Amino acid sequence: MASLTSSTSCHSLTMPKVAQFKIGLCQLSVTPDKTTNLSRARNSIEIAAKQGASLVVLPEMWNCPYSEDYFAKLAEDFNDEDGSPSYFMLSEVASCLGITIVGGSMPELKDGRLYNTCCVFGPDGKLKAKHRKLHMFDANIPGDILYKESDTFTAGDNPTIVETDMGRIGIGICHDIRFPELAMLYRTRGANLICYPGAFNMSTGKMLWELEQRARQLYVASCSPSRDSVGSYTIWGHSTLVGPFGEVIATSGHEETIVIAEIDYSALQCRREGLPLENQRRGDIYQFVDIEEQRP
């Protein structure tokens, strides 16, 4: 497992073994039946691999409806092989197909606590990283949504960068995308790509889902459940790959589908050479201070 714990910064792009490859985003329809969800996910991963994807991303809560009625009921302890069919299916299929899988997110039960967790498996089927959602979606927007994710889940403590043949990949889950500090941290420490499994709702999806991806100055891959999924609210969908210039390379509608797109890191190299933001950043003035303290 590889998590981001070092404070060492990386200001230049380290080119990975594979600088050009296909990514598959599996936008899945999620049901209350876990067996059905596992079958759909496996089938979609296999189709994506047949179409040339060496990196496959699944949605947030792909094995469980996004609803408080199901989280605890369908949660898995990833250390229990018999009680964690989703975890071990991802490991097996990654190994069988020889691909890297960013396994969306699943409800994880650990020491009596629930986490919203993304597991990343390498082409050997071994766990490479485990990212627990850092920012809880607690929202109270009158006339739109009242939801408090922190009533159900415990927040993770560590940002995560995964070392893969396709470069360094930063991991975030849904609400994590709203925090540019996390993306800046990943960028500074050499990430080539950030993957965000997510399940934005209809209003926040329309307003912010694509916009926040396009502002990250990296390759960004997002993967959502399809809109007809069962859950506590209607999901926006629109799984997307964005390039380092903020361009939308590929995207979907809201239906169950697989997005296959190509990533070419030479574009990322060009972006960083043309706009060397790391060299221009003014760390000496970016301090969160109380304005009242600065008044004469």
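Coordinates for the structure precede this section.
The notes below deal with the structure included here. As the structure is a computational prediction, the values presented were derived from the model and not from experiment. (Residues numbered from 1 in each chain as written. Predicted model: local features only at pLDDT ≥ 70, side-chain atom pairs only at ≥ 80, totals over all residues. Heavy atoms only, no water.)

Our next topic: the pairing of strand β14 (residues 248-251). The pairing of strand β13 (residues 240-242) with β14 spans three bridges and is antiparallel. Its bridge partner being in β14, Thr240 is matched across the sheet by Thr251. (Pairing = 2+ DSSP bridges. Helix = DSSP H or I, 4+ residues; strand = E, 2+ residues; numbered from the N terminus.)

Strand pairing in a sheet takes place through backbone hydrogen bonds and is either antiparallel or parallel in direction. A sheet is described by the order of its strands in space; here six strands give the open sequence β9-β10-β11-β12-β13-β14, paired in mixed fashion. Both outer strands of the open sheet, β9 (160-164) and β14, are each paired with one neighbouring strand and no more. Along the sheet, successive strands turn relative to each other by an average axial angle of 20 degrees, direction set aside. Of the strand pairs in this sheet, strand β10 (residues 167-171) and strand β11 (residues 193-197) are connected by three bridges, and their pairing is parallel. Note on β11: the bridge partner recorded for Gly170 is Ile194. The strands that helix α4 (residues 180-188) touches are β9, β10 and β11; relative to β11, the one it contacts most, it runs at about 145 degrees. (Axes fitted to C-alpha atoms, helices over the stretch in contact; angles between N-to-C directions. Contact = heavy atoms within 4.5 Å.)

Along helix α6 (residues 265-274), the positions that sit buried rather than exposed are Tyr265, Leu268, Arg271 and Arg272. Projection of α6 onto a plane perpendicular to its axis shows the buried side chains occupying an angular sector of 105 degrees, all on one side. Facing away from the buried surface of α6 by more than 90 degrees, the exposed residues are Glu273 and Gly274. Structurally, α6 contributes buried residues whose contacts are with β1 (20-27), α4, β11, β12 (219-223), β15 (257-264) and α7 (277-280). (Buried < 20%, exposed > 50% of the residue type's maximum accessible area, 1.4 Å probe, protein only. Arc of directions from axis to C-beta.)

Attention now moves to the environment of Arg282. For Arg282, the location among the structural elements is in the loop between α7 and α8 (291-294). Since its relative accessible area comes to 41%, Arg282 is described here as partly exposed.

Under the defined criterion, the tally for this structure stands at zero disulfides. Unpaired in terms of disulfides, Cys195 finds its nearest cysteine sulfur in Cys118, a separation of 7.9 Å. Looking at Cys195, the relative accessible area reads 0%, which means it is buried. No disulfide involves Cys223; its sulfur sits 6.3 Å from that of Cys26, the nearest cysteine. (Disulfide = S-S within 2.5 Å.)

On to the packing of helix α1 (residues 34-50) against helix α3 (residues 85-97), then. Packing of α1 against α3 brings their axes to within 11 Å, and their N-to-C directions diverge by 20 degrees. The orientation of α1 relative to α3 falls into the category roughly parallel. Crossing angle aside, the handedness with which α1 passes α3 is right-handed. Contacts between α1 and α3 involve Lys34, Leu38, Ala41, Arg42, Ile45, Glu46 and Ala49 from the former and Pro85, Ser86, Met89, Leu90, Glu92, Val93, Cys96 and Leu97 from the latter. Classifying every residue of the contact of α1 with α3 by side-chain character gives 10 nonpolar, one polar and four charged. (Parallel < 35°, antiparallel > 145°, perpendicular 65-115°, else oblique. Left-handed = near helix turned anticlockwise from the far one by under 90°. Nonpolar A, V, L, I, M, F, W, Y, C, P; charged D, E, K, R; others polar.)

What follows deals with the packing of aromatic side chains. One pass over the structure, following the stated rule, counts nine aromatic pairs. Aromatic side chains Phe200 and Trp209 sit 4.8 Å apart centroid to centroid with 50 degrees between the ring planes, which places their arrangement in the tilted category. For Phe200, a relative accessible area of 2% corresponds to the buried category. With a relative accessible area of 1%, Trp209 lands in the buried category. A connected cluster of aromatic rings, assembled from ring pairs, spans Tyr66, Phe71, Phe153 and Tyr233. Over the ring of Tyr115 we find Arg132; its NZ or CZ atom is 3.9 Å from the centre of that ring. (Phe/Tyr/Trp six-rings, centres within 6.5 Å; stacked < 30°, edge-to-face > 60°. Lys NZ or Arg CZ within 6 Å of the ring centre and 35° of its normal.)

Looking now at the pattern of salt bridges. Applying the stated criterion to the full structure yields 11 salt bridges. Where Lys17 meets Asp165, a salt bridge forms, and the shortest distance between an N and an O atom there is 3.8 Å. Of the two residues, Lys17 sits in the segment before β1 while Asp165 sits in the loop between β9 and β10, which places them 148 residues apart along the sequence. Under the relative-accessibility criterion, Lys17 is labelled exposed at 75%. A salt bridge links Lys133 to Glu60; the nearest nitrogen and oxygen atoms lie 3.2 Å apart. Taken as a pair, Lys133 in the loop between β6 (127-132) and β7 (138-141) and Glu60 in the loop between β2 (53-57) and α2 (71-74) lie far apart in primary sequence, 73 residues in all. The same class applies to Lys133 and to Glu60, which are both buried. A cluster of three or more residues bridged by salt bridges with shared partners is formed by Arg42, Glu46 and Glu92. (Salt bridge = Lys/Arg side-chain N within 4 Å of Asp/Glu carboxyl O.)

Function cannot be inferred from these measures alone, as they are strictly geometric.
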